[in-house]
Amino acid sequence: MSKPESLPPGQRAIPNFIIYRILGQPEVDISSWRLRIEGDVGKLSTYTYEDLLRMTDTSYTSDFHCVTGWSVKNVKWEGVSLRRLVMEAQPLKNVKWVYVESLDKYTTVVPYEDFIDERSLLVLRINGRPLSLEQGFPARIFIPYLYGWKSAKWVTKIVFTREYRDGYWEALGYHQRGNVWKEERFK
Amino acid sequence: MECWVSSPEALAPKGIKYVLTCIHEPKNIFFIEELHEHASVITDSLSKALNLRDLKIMFSDNEVIGTDYILYSYKVFYRGDYVGTCRFVTYNNKLIKSLCTISRGVVLE
């Protein structure tokens, strides 16, 4: 999935993830945790963790790039294709953005065309193990060519919208899309 | 693993009274859960070295130093109060050093 031996401009490889928990570490009660799909969709959906484990359909190795300049190479990601979740939700015409909400009240926003990219993933496992709490258990988003702040951890809601709305870092000036190969760090 | 306690004057201005330094054979640490296990072992060493029971340790944050080192910080609590920090140094995902600082306010048992 990643260009062999090359990093996006301005990035350097480090051995492992730096753990960011800008709004603290949320507690997770997996028995009551749900992933809700809402907004401008034809079908509102709710998934349990068990549902998503059964739906696991994608596995690949790809690098992770943080906007602060570090990258972790060759991470193994496993989970459910976001495109599959999108197809089940049947977004209405003219949906342009996807707003992602997390258990810690973190939010981010992704262009619809990137959310449905074939590489976009709802991650359940990383490097062969279920996500740790620090890494976003039970689920996080991953879009390989967008900076890591788009890879929201502890995801609980996905909202399809026609109107743009800033997420947490976007409200602080970070880019609406965040493509690593175009160095879209700030607006 | 070899650990020892010191009280460096250089850290007194920061309110630090004790430093536990542990040296061990480099250990592969790839998953954060493996580091949590090591942190528990270090907490036991700290507890014995300072004769403090009821120590708890909790992951706080980590940071990259250069391109090959990552420093993981854990907060240390004694009977519910924050009393210090443990820092674990990894080099290319190999744990090479563990170091804990305990503040002046702690009264040893």
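Source: prediction; values computed, not measured.

About the criteria used
- Residues numbered from 1 in each chain as written.
- Chains lettered and ligands numbered in written order.
- Predicted model: local features only at pLDDT ≥ 70, side-chain atom pairs only at ≥ 80, totals over all residues.
- Heavy atoms only, no water.
- Helix = DSSP H or I, 4+ residues; strand = E, 2+ residues; numbered from the N terminus.
- Rg over C-alpha atoms; globule rule 2.2 N^0.38 Å.
- Buried < 20%, exposed > 50% of the residue type's maximum accessible area, 1.4 Å probe, protein only.
- Contact = heavy atoms within 4.5 Å.
- Buried area = accessible area lost by both parts, 1.4 Å probe.
- Salt bridge = Lys/Arg side-chain N within 4 Å of Asp/Glu carboxyl O.
- Polar contact = N/O pair within 3.5 Å; in protein donor to acceptor, adjacent residues only side chain to side chain.
- Expected span 1.5 Å × (residues − 1).
- Pairing = 2+ DSSP bridges.
- Axes fitted to C-alpha atoms, helices over the stretch in contact; angles between N-to-C directions.
- 1 Å grid on protein atoms, 1.4 Å probe; cavity = no way out; pocket = protein on both sides within 12 Å on 5 of 7 lines; lining within 4 Å.
- Points joined across faces, edges and corners; volume = space filled by probe spheres on them.
- Nonpolar A, V, L, I, M, F, W, Y, C, P; charged D, E, K, R; others polar.
- Phe/Tyr/Trp six-rings, centres within 6.5 Å; stacked < 30°, edge-to-face > 60°.
- Lys NZ or Arg CZ within 6 Å of the ring centre and 35° of its normal.

Caption draft 1: View of the overall build of chain A. Scanning chain A for helices and strands turns up three helices and eleven strands. Start at the N end of chain A and walk to the C end: the helices and strands fall as β-β-β-α-β-β-α-β-β-α-β-β-β-β. Computed over C-alpha atoms, the radius of gyration of chain A comes to 15 Å, within 12% of the 16 Å expected from 2.2 N^0.38 for 187 residues, which places it in the range of a compact globule. Considered along the principal axes of its C-alpha atoms, chain A spans approximately 40 × 35 × 30 Å. Taken across its 187 residues, chain A has 55% of its residues classed as buried. Contacts in chain A between residues far apart in sequence, at least 24 positions, make up 69% of those at least 6 positions apart.

Caption draft 2: The interface of chain B and chain A, seen in detail. Of the residues lining the interface, 20 residues belong to chain B; the matching set on chain A comes to 14 residues. The largest per-residue losses of area from chain B upon contact with chain A belong to B:Phe31, B:Asn62 and B:Thr67, which jointly make up 31% of the total buried on that side. Summed over the shared surface of chain B and chain A, the result is one salt bridge. Here A:Arg129 ties to B:Glu34 by a salt bridge, and the two come within 4.0 Å at their closest N and O atoms. At the junction of chain B with chain A, the criterion picks out nine residue pairs in polar contact (both at pLDDT 80 or more). Those elements that place two or more of their residues in the side of chain B that touches chain A are helix H1 (32–50), strand S3 (55–65) and strand S4 (69–78) of chain B. Sorting elements by how many residues they give to the side of chain B that touches chain A places S3(B) first, with six residues.

Caption draft 3: Quick look at H1(B). Residues and elements named next belong to chain B. The terminal C-alpha atoms of H1, which comprises 19 residues, lie 26 Å apart, in line with the 27 Å expected from a rise of 1.5 Å per residue. Three or more residues of H1 are buried, namely Ile32, Leu35, His38, Ala39, Ile42, Thr43, Ser45, Leu46, Ser47 and Leu50. Looking at the buried positions of H1, the neighbouring elements they touch are strand S1 (2–6), strand S2 (16–28), S3, S4, strand S5 (81–91) and strand S6 (94–103). Positive phi appears at Asn51, one or two residues downstream of H1, with a value of about 55°.

Caption draft 4: How the structure looks around the sheet that holds strand S2 (residues 35–39) of chain A. All names here are of chain A. Judged by pairing direction, the sheet is mixed, and its five strands sit side by side in the order S3-S2-S11-S6-S7 without closing on themselves. Of all the strands in the sheet, just strand S3 (45–47) and strand S7 (107–111) have a single pairing partner and so form its edges. Averaged over all pairs of adjacent strands, the angle between strand axes in this sheet comes to 20°, irrespective of strand direction. In terms of strand pairing, strand S6 (residues 97–102) meets strand S11 (residues 155–161) through six bridges, oriented antiparallel. Each bridged residue has a counterpart across the sheet, and for Ser102 the counterpart in S11 is Val155.

Caption draft 5: Just the layout of surface pockets, in detail. Residue and element names in this part refer to chain A. What the largest pocket holds in volume is close to 430 Å³. In terms of lining residues, the largest pocket is bounded by 24 residues, among which Tyr20, Tyr106, Gly148, Trp149 and Trp169 are the most central. By residue class, the composition of the lining of the largest pocket is 15 nonpolar, five polar and four charged. Here the second largest pocket defines a volume of roughly 250 Å³.

Caption draft 6: Representation of the packing of aromatic side chains within the structure. For the structure on display, the rule yields 25 aromatic pairs over all chains. Taking the centre distance of 6.2 Å and the plane angle of 90° together, the rings of A:Phe17 and A:Trp77 count as edge-to-face. Of the two residues, A:Phe17 sits in the loop between strand S1 (12–13) and S2 while A:Trp77 sits in strand S5 (residues 70–81), which places them 60 residues apart along the sequence. Like A:Trp77, A:Phe17 is buried. Summarising the aromatic geometry, the rings of A:Trp33 and A:Tyr49 are spaced 6.5 Å apart at their centres and angled 80° between planes, so their arrangement reads as edge-to-face. In this pair, A:Trp33 sits in the loop between S1 and S2 while A:Tyr49 sits in helix H1 (residues 49–55), placing the two residues 16 residues apart along the sequence. With respect to burial, A:Trp33 and A:Tyr49 carry one shared label: buried. An aromatic cluster of at least three residues, connected via ring pairs, comprises A:Phe17, A:Tyr20, A:Tyr60, A:Phe64, A:Trp70, A:Trp77 and A:Phe142. The lysine or arginine in question, B:Lys75, covers the ring of B:Tyr82, its NZ or CZ lying 5.9 Å from the ring centre.

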